[in-house]
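Residue-level structure breakdown
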Amino acid sequence: MNTWSGTWVAERLGVELAGDERLRGLLGLALRRNPKRAHLLVSNVLGKHVPQAPSVVYGHGVALGRRVRELLGEEAAGRAVVLGYAETATGLGHSVADGLGAAPCLHSTRRPVAGVATAGGFEESHSHATSHLLLPEDPALLAGDGPLVLVDDEFSTGNTVLNTVRALHARYPRERYVVVALVDMRSAADAGRLEEFAREIGARIDLVTTASGTVRLPDGVLERGQALVAQYEGAGDGGGTAATPTGPQPRGDLTRVDLNWPAGLPDGGRHGFTPAHRARLDAALPAMAARIATALPEDAHRVLVLGFEELMYAPLRLAAELERTTGAEVRYSTTTRSPVLAVDDPGYAIRSRLVFPAHDDPADGPGERYAYNVAGAGFDAVVAVVDSVADTPALHAPDGLLARLAEHTPHVLLAVVPSYVPAAAQDVSERPATMLPEPLRGPAFSSYAPEEVGWLLQDLSDVTLEAPTEEREEAIQSGGAHYAESLPVEYQPSEQYQQLFHNALDASAARLAHAVGVVTEIVLAERSPRPVLVSLARAGTPIGILMRRWAQHRHGLDLPHYAVSIVRGRGIDANALRRLAAHHDPRDVVFVDGWTGKGAITRELAQAVEEFEKTEGISGFDPEIAVLADPGSCVRTYGTREDYLIPSACLNSTVSGLISRTVLRADLVGPDDYHGAKYYRELADADLSVAFLDAVSARFEEVTEAACAEAKDLLAADRTPTWEGWAAVERISEEYGIHDVNLVKPGVGETTRVLLRRVPWKVLARAGAGSDLDHVRLLAEQRGVPVEEVPDLPYTCVGLIHPRFTRGATGADGTAVSR
């Protein structure tokens, strides 16, 4: 009797599979190298981690598709669209679509494609790589009212499906969804969540699976699993080529096979794959498989066709055709991003692991990739199938995939499928420089949902821009550099400071929601009934999102929202204004910021818009900013003129979508480029951006009546700016011997920025200021900065940057000195 490939994990961790008798035939167990989940259900019929006969892999997907067709009926099945999940279920999603018959197929992707608009995105919380993008070439693909069939390899908690349906239903509501998976391993509680969710959105959600059961996990399984991984990785068992056969290893020859792939035929469903595409592929398969068969040596009796990450369907169909037309024993699997421990034991699902660097220039940066159960499997030849984007020097490098394969098989064949480029993306490379790219959106850029904001910025995440605070301050004050040419090192808050943030958010969420409601109602009444919100990155961005949410909550409006860069002394990003003018009426644009200090950005924007109109001949932009708080009395459109704590001012990128301050440097930003910024993906575990938004949005309902009443009163009131903040700053600058208003930062928000990013000299606090300054006092204490109470201060506090700063004057730690 064969040993079950989950025995090793079950015995050591106490993990149990309970359910259908077929489960053990369908699944084995392994250990993830992943801090979020200990175990991995390893499918024996998916063709990802375990090489399997392609007819078995394809047959399971087609069979599921036929069951969906029976469930829906011919009429509804004819209007269905299939969505597969990257990377694991891209081939399965295609196969289900084939079983359905006439259904087009799309799969999510982790590869952004310039020029292709994102139709949505969602998160896979337990995965090592969570962000999924939807990039259909035809936006109407997801907009129909037919059933949406969502296909994944396993249905474990239902979180990924719920995230997907929630995101898509908000944009493209429909009456019916069908969830398809090889195995349903949900707990009873998770099963109930899907039913509750269906009732919540008013849609029907059906489930079709091959087998069902549950995974029973003992207490402490995550910690024990991590300890086992550390033990076996540390011992070298489970290393780069675990379970490698002993003795000299073959060094296989490499043969490139020209498939003669049909021109214009998509390589998969990244941008959509229609029944017409399927018919073209079916017609071309025999000739393409024959080209591979001709290139195989005569003595190749056991052949592996190895696909590449999301490229699963084309290699699967090629493998199935080889299996059908040759006498070889053909197996199929693909490479993967998923890090899994390898253990050479018949009771463990991952017997060996090949490790090689990523070779498709992934958007999330370089990293390891893997091929499992290839080493030691006795293949006479391996046919590696990749798309042309992945046919790079890294693929052919001494430590690349092809070299790793050659260590374990005498013959390696490489077949390259042309990466399909939609017409919109082709246009990008042919556009003149004055035609600017689409805005960046989450989850590829920022942790905000794609519909919440489009960033008119360029991604500089791969550029090192951070410099020590003291070094930056000296360069800025000496005139050697502009503050926008570098970035401060991101402040990492202490546990005590984080608690202050949460306390402040709890205490002020309703007050913030009220101010959001007031300013949004004023904008809608006075500026435009359908405004285009344009936040000044980055402090304005969360406020713009909240205003957009209020317009949805109160008026059912789906307002466009962008974030653009403005730099003191350099003006607003003119390319961003060109992009806005090309797609919207400038008269509908409303610039949004978090708060005013002394009004420097208000003046900067007015001057920049005037300059833009003169040079571009484009008029209509109103430079008046709408802000949440206007303690400086610099604008007419505001939610409040009180100087109180806005919790989003307490932190940096971790409350602003993980986006840095904007950067403008000549060697990085050309005359036809957007200004730049970085996406700090590595800070995801500390990200509070969406939590901040949700906490404030949750209070909208309770403040609606009061906010609308105050907005009505303000609309009838005299809101002419008095600029009293500017006058106060000039007075403080002279009184304290600074003689530079740029070093005086008034208000709670600006004072916080001084303490987080600059070299502070001292903090002036209004006598009797309360909890709004708790975080300021803590930061000041941590940096050794005195807090001086001042009677009759027009702001709650004012931060003073150290004048005439040099590192020699204050010491390398940048602490303040007495005047």
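Residues numbered from 1 in each chain as written. Predicted model: local features only at pLDDT ≥ 70, side-chain atom pairs only at ≥ 80, totals over all residues. Heavy atoms only, no water.

Observations regarding the confidence of the model for the chain
With 89% of its residues at a pLDDT of 70 or more, the chain has an overall mean of 85. Below a pLDDT of 50 lies the segment residues 237-249, which in the model reaches 32 contacts outside its immediate sequence neighbourhood of four places, other chains included. Here residues 428-434 is modelled with pLDDT under 50, and outside its nearest four sequence neighbours on either side it reaches 7 contacts, counting other chains as well. (pLDDT = per-residue confidence, 0-100. Contact = heavy atoms within 4.5 Å.)

Some words on the nonpolar core
By size, the foremost hydrophobic cluster in this structure holds 107 residues, and its most contacted members are Trp-455, Ile-572 and Phe-591. With 15 residues, the single largest contributor to this core is helix α15 (residues 495-526). If we skip the residues at most four places from it in the chain, Trp-455 touches Pro-439, Leu-440, Phe-445, Ser-446, Tyr-448, Ala-537, Thr-541, Ala-563, Ser-656 and Ile-659. (Core = buried A, V, L, I, M, F, W, Y, C linked by side-chain atoms within 4.5 Å. Buried < 20%, exposed > 50% of the residue type's maximum accessible area, 1.4 Å probe, protein only. Helix = DSSP H or I, 4+ residues; strand = E, 2+ residues; numbered from the N terminus.)

So, the layout of surface pockets
Of the pockets and cavities examined, the second largest pocket occupies roughly 630 Å³. Along its surface, the second largest pocket is lined by 23 residues, and Ser-5, Asn-44, Val-50, Pro-346 and Arg-351 are the ones closest to its centre. Tallied by class, the residues present in the lining of the second largest pocket amount to 10 nonpolar, 7 polar and 6 charged. (1 Å grid on protein atoms, 1.4 Å probe; cavity = no way out; pocket = protein on both sides within 12 Å on 5 of 7 lines; lining within 4 Å. Points joined across faces, edges and corners; volume = space filled by probe spheres on them. Nonpolar A, V, L, I, M, F, W, Y, C, P; charged D, E, K, R; others polar.)

A few points about the packing of helix α9 (residues 275-295) against helix α10 (residues 313-325)
Look at α9 against α10: their axes get within 9 Å of each other, and the N-to-C directions meet at 60°. The orientation of α9 with respect to α10, classified from their angle, is oblique. Handedness of the crossing formed by α9 with α10: right-handed. Here Arg-278, Leu-281, Asp-282, Leu-285, Pro-286, Met-288, Ala-289, Ile-292 and Ala-293 of α9 come into contact with α10, specifically with Tyr-313, Arg-317, Leu-318, Glu-321 and Leu-322. Tallied by class, the residues present in the contact of α9 with α10 amount to 10 nonpolar, no polar and 4 charged. (Axes fitted to C-alpha atoms, helices over the stretch in contact; angles between N-to-C directions. Parallel < 35°, antiparallel > 145°, perpendicular 65-115°, else oblique. Left-handed = near helix turned anticlockwise from the far one by under 90°.)

A look at the pairing of strand β3 (residues 39-43)
Of all the 5 residues making up β3, 5 are buried; the element is thus mostly covered by neighbouring parts of the structure. By the alternation rule, side chains of β3 split into His-39, Leu-41 and Ser-43 and Leu-40 and Val-42, which are all buried. Relative to β3, strand β2 (residues 27-31) runs antiparallel, the two being bridged by 5 bridges. When the sheet's bridge partners are listed, Leu-27 is paired in β3 with Ser-43. (Pairing = 2+ DSSP bridges.)

Some details on the pattern of salt bridges
Inspection of the entire model under this criterion finds 41 salt bridges. The network of salt bridges with common partners includes Asp-98, Arg-278, Asp-282 and Arg-317. (Salt bridge = Lys/Arg side-chain N within 4 Å of Asp/Glu carboxyl O.)

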